[in-house]
Amino acid sequence: MMGFTLSKLNLLILVTVMFAIISFFLFALTGIVVGNLAQLMVKDYSESVFGLVGGGDDKLCHTTTVTIPESLKYFGGMTPTQYFYYVMNIKRLPVEYKEEKLSTLIFQIASRKEPDKIIATSSIDINAQIIFYDWETDPVDRIAVKDSLTLDPMATGIAPKNSMILIKEVYNGKTYLHVIACSSSASQCVVNLDRASCWLSTCSDEPRESSCFPKPEDCSSRITCGVN
């Protein structure tokens, strides 16, 4: 009887140990898979921007819109599809533009639950001044120029902040990269593009009605001058 009990106990210990090992393996594998997917995403966006700004195109204006997916999907097949929810940080170095230096544009993917936990980063050096136009909805719906952007495809409010308009502009021989946060829903990108045009014509160090933007109209309540 004692031997039977010990046998059952040993089997239970073995099953528990195996479960712990498999759980640890799956957890580690999940981190690797999600990290690789995130790295491919930011690398793709970096390459797209490099092609937009430095691809040898001599056009004075070039515009594209990018929408990021709601989540990163992983596994599937024999196992249920899993979803990793994230935010995308977009930064520049140096923060203050220096004309004699290249600008570094940085894309980062972070966990939505743990925004300080960066799981993927990609950067490119471009010969352009980078301007970030952030979309704020609280306390008012507006565009404000900031030192960085964070896109959150699961954000609540008027619409999810899941898109960005990228505009290469050449003005007076100098190249600019305008990055405008917006949403893929409710025509919000069109609205925010108009607001960015207002900022450029009213608040910029070189105020202008750029041919790369729609003509600015009714600008008084649509923007905030200065960098927050």
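Source: prediction; values computed, not measured.

A. The pattern of salt bridges, seen in detail. Inspection of every chain in the model, using the stated rule, returns nine salt bridges. Glu 47 serves as the salt-bridge partner of Lys 43, at 2.5 Å between the closest nitrogen and oxygen. Taken together, the residues Lys 43 and Glu 47, both in helix α1 (residues 2–54) and four residues apart, mark about one turn of the helix. The class for Lys 43 is partly exposed, based on a relative accessible area of 42%. Residue Glu 47 is classed as partly exposed on the basis of its relative accessible area, which comes to 46%. With its nearest N and O atoms 3.2 Å apart, the salt bridge here joins Asp 147 to Arg 92. Highlighted residues: Asp 147 in the loop between β8 (142–146) and β9 (149–151) and Arg 92 in strand β4 (residues 86–93), separated in sequence by 55 residues. The partly exposed category is assigned to Asp 147, whose relative accessible area is 29%. Classification of Arg 92 as buried rests on a relative accessible area of 11%. Bridged by salt links that share partners, the residues Asp 134, Glu 136, Arg 142, Lys 146 and Lys 161 form one connected network.

B. The sheet that holds β4, seen in detail. Strand order in the open sheet made by the four strands is β6-β5-β4-β9, with antiparallel pairing throughout. Sheet topology places β6 (118–126) and β9 at the edges, where each strand pairs with a single neighbour. For this sheet the average axis-to-axis angle between neighbouring strands, irrespective of direction, equals 20°. As paired strands, strand β5 (residues 103–111) and β6 are joined by eight bridges and run antiparallel to one another. Bridged to Leu 105 within β6 is Ile 124.

C. Spatial organisation of the packing of aromatic side chains. Overall, the coordinates contain two aromatic pairs when judged by the stated rule. Centroid distance Tyr 45 to Phe 107: 6.2 Å. Interplanar angle 45°. Geometry classified as tilted. Residue Tyr 45 is found in helix α1, and its partner Phe 107 is found in strand β5; the two are separated by 62 residues along the sequence. Judged by centre distance (5.8 Å) and plane angle (90°), the ring pair of Tyr 133 and Trp 199 falls under edge-to-face. On the criterion of sequence distance, the pair formed by Tyr 133 in strand β7 (residues 129–136) and Trp 199 in helix α2 (residues 188–202) is long-range, its members being 66 residues apart.

D. Representation of the pairing of β4 in the model. Among the eight residues that make up β4, six are buried, leaving the element largely enclosed by the rest of the structure. Where β4 meets β5, eight bridges bridge the pair, whose relative direction is antiparallel. By the bridge assignment, Lys 91 is partnered in β5 with Ile 106. Bridge count for β4 against β9 is three bridges, and the pairing is antiparallel. Residue pairing across strands places Ile 90 opposite Leu 149, the latter belonging to β9.

Calculation rules
Residue indices begin from 1 for each chain and proceed along its sequence in written order. In view of the model being predicted, local features appear only for residues whose pLDDT reaches at least 70, and side-chain atom pairs are presented and counted only at 80 or more, with totals across whole chains, interfaces and linings using the full set of residues. Computation of side-chain values: all heavy atoms of the structure, hydrogens and water removed. In the sections that follow, a salt bridge refers to a side-chain nitrogen of Lys or Arg positioned within 4 Å of a carboxyl oxygen of Asp or Glu. For the purposes of this entry, the term helix denotes a DSSP run of H or I that reaches at least four residues, the term strand denotes a run of E that reaches at least two, and both are numbered from the N terminus. Only protein chains enter the area calculation, which uses a 1.4 Å probe; residues under 20% of their type maximum are buried, those over 50% are exposed, and those in between are partly exposed. Pairing between strands is defined by DSSP: at least two bridges between them are needed. In this description, a line fitted to the C-alpha atoms serves as the axis of each element, helices being fitted only across the stretch in contact, and the angle between N-to-C directions of two axes falls anywhere from 0 to 180 degrees. Note on aromatic pairs: the rings of Phe, Tyr and Trp (six-membered ring only in Trp) are paired at centre separations within 6.5 Å, and the planes decide the class, stacked below 30 degrees, edge-to-face beyond 60, tilted for the rest.

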